[in-house]
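Summary of the model geometry
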Amino acid sequence: MNEQLDDTALSQRFPWVRLDHDTKNLFRAWLDRRFVITRCDDCRRYHHPPKPVCPACWSSALTLTPVSGRGTAHLVMLLHQGAPAPGVDYGKGPHPVVTVELEEQEHLRFTSTVVDCPPEDVRIGMPLELVWIDRYGAPFPAFRPRENG
Amino acid sequence: MRNPIKDQVAIVGVGSTGFSRDAGERSPKSLACEASIRAIRDAGLTAKDINGVVSTQEPMAPQPHRLSAALGIPDVTHFSSPTPVAMFSLIDAMNAIFSGACDTVLVSFAFQRLPWNSRSAARDPFRKFDITGGVVPMPESMDPSAAYTAWASRYIHEHGVPREALGRVALNMRANALRNPLATMKTPLTMKDYLRARIIRDPLCLLDMDVPVDGADSFVLTTVEKAKEITDHPVVIHATSVGLVDQNDEDQLPSLAHHGQHVVVDALRKKSDVWLEDVDVFFPYDGFTIITLGWIENFGWCETGQAGCFLEEHWDDASGRVLIDGRIPLNPHGGSLSEGATRGSGHVREAVVQLRHQAGDRQVEGAQTALIGCGGFFFNSQGAILRRL
């Protein structure tokens, strides 16, 4: 379990994130491959990225809640150039970046990449499911195509 | 909707360095000073007439007190450094004048290409600017420039439009820039060129993105009373608004049917005595071509998803650009895509020049009203209507 990892050590595991006290525990959960989204204990609405209060009802009673990781591609772009990252080689082909609308709530979205699929086949509306990949030695939630239903 | 400031503040001075992809060994402060001196002289004023200084927070642009010191402005009672894009600074200056915080304001915008924009910029040892905040950039970042591409994919998906719809935006701006001596881009552009341009982030290519430049624009704003002492036909700010919706994180935007532009348009329409039928010249922002299509549709020039068709219907083959109803140009200075990425200051400057009837062979005959839609979808949507009295 990484629940006990202190904030300094956590920052070192995610050099690509500007962590703060509102977002840190979402990333801490990734170290245990737990894909969680902030949910309000009072009104039960999810929101992302994590905010200090629920934007719908201003409750501070927020819980990082496991979600299914299932969703639908809402926005799709293929980077022909971009920031470097381990395992991303723009010389071999474009790198897909996809904003996925999660099945738990309308307009609740998470942006990552898609694996196990040729980039040119990644389409808006495509059903996707969570898959963990590695990024700089830490688990990183990505998506792959799933059978509809 | 209240609008007590309507027609109460005038833009009486404009100054520009012009724009290029390499202004040589000059600091942004040097560019800001040149444009500011031009603007103050253009207004027929001197440093002692200025008591407000607004300097926009562009990377490496001078802070307002540094600009004030460089220009020897004696006593300043209002100074600020709003974030881009352009209307934040103009609205701040306007409000400061109307509230009595000051009387006459210098507004500055200074731009310098960042080290990663070009090899010559990277060679300049003084261009050090850290935009990352110390974190390693990631391909999956939804920074605003990537986010416009992502939402362009959604627009194309929802409306089934071809790339030519975006291409017409780029062609219009280039044709206009060719008639603007201040513009960076000086070579003609064809649809074939556009369709062959390098894809950066599919579905957008190099020519869908504005061109980083060195240069500066400055403005002088004052009360309409003072403006009438200076000129017979002041250009006044008739209405302005900025716009934001609650879910404005780039990837959480509810939809293309509800974002900052919609809030701006609704407010401008309620605050203004004039609307589209009165507009003589239209300035839709074009940091990315998709933003321009958004402004055209959201202002109501055409239905949602129809901006590409609208541009085609109103295309003037003779001049290779858009003239709405054969009369109203879009960004006659060439916009951010082809004059240079001034984040809207070029749009405002050209609006003022057009309303003063000083645009030379770009002049829209008898222009009285300019409509500006500045900024994009997320956190910098803004607009203005300027009029000639």
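The text that follows walks through the structure, step by step, so that each part is easy to find. Values in this document were obtained by computation on a predicted structure and should not be read as measured data.

Some points on the interface of chain B and chain A
By a frequent convention, interface size equals the accessible area lost on bringing the separate parts together. Every contact between the two is made by 29 residues of chain B and, on the other side, 36 residues of chain A. Taken together, both faces of the contact between chain B and chain A bury some 2700 Å²; the carbon and sulfur share is 57%. When residues of chain B are sorted by the area they lose upon contact with chain A, B:Met138, B:Pro139 and B:Glu140 head the list and together hold 25% of the total. Inspection of the chain B/chain A interface yields 2 salt bridges. Here chain B and chain A share 16 residue pairs in polar contact (both at pLDDT 80 or more) between them. Counting residues per element, the ones that place at least two in the side of chain B that touches chain A are helix 5 (144–159) and strand 5 (199–202) of chain B.

Quick notes on the nonpolar core
B:Ile11, B:Leu221, B:Phe282, B:Phe299, B:Trp301 and B:Leu386 are the most contacted members of the largest nonpolar core, which totals 106 residues. Top contributing element to this core by residue count: helix 3 (residues 86–99) of chain B, with 8 residues. Look past the residues within four positions of B:Leu221 in its chain and what remains in contact with it is B:Val9, B:Ala10, B:Ile11, B:Leu90, B:Ala93, B:Met94, B:Ile97, B:Asp103, B:Thr104, B:Val105, B:Val107 and B:Ile237. Membership of the second largest hydrophobic core comes to 37 residues, among which are A:Val17, A:Val76, A:Phe110 and A:Phe140.

Digging into unusual backbone geometry
Residue and element names in this part refer to chain B. The residue after proline 84, namely valine 85, is reached through a cis peptide bond having omega 10°. Here valine 85 lies in the loop between strand 3 (78–80) and helix 3. In this model, aspartate 202 is joined to proline 203 through a cis peptide bond whose omega is 15°. Positionally, proline 203 belongs in the loop between strand 5 and strand 6 (204–205).

Parameters and conventions
Residues numbered from 1 in each chain as written. Chains lettered and ligands numbered in written order. Predicted model: local features only at pLDDT ≥ 70, side-chain atom pairs only at ≥ 80, totals over all residues. Heavy atoms only, no water. Contact = heavy atoms within 4.5 Å. Buried area = accessible area lost by both parts, 1.4 Å probe. Salt bridge = Lys/Arg side-chain N within 4 Å of Asp/Glu carboxyl O. Polar contact = N/O pair within 3.5 Å; in protein donor to acceptor, adjacent residues only side chain to side chain. Helix = DSSP H or I, 4+ residues; strand = E, 2+ residues; numbered from the N terminus. Core = buried A, V, L, I, M, F, W, Y, C linked by side-chain atoms within 4.5 Å. Buried < 20%, exposed > 50% of the residue type's maximum accessible area, 1.4 Å probe, protein only.

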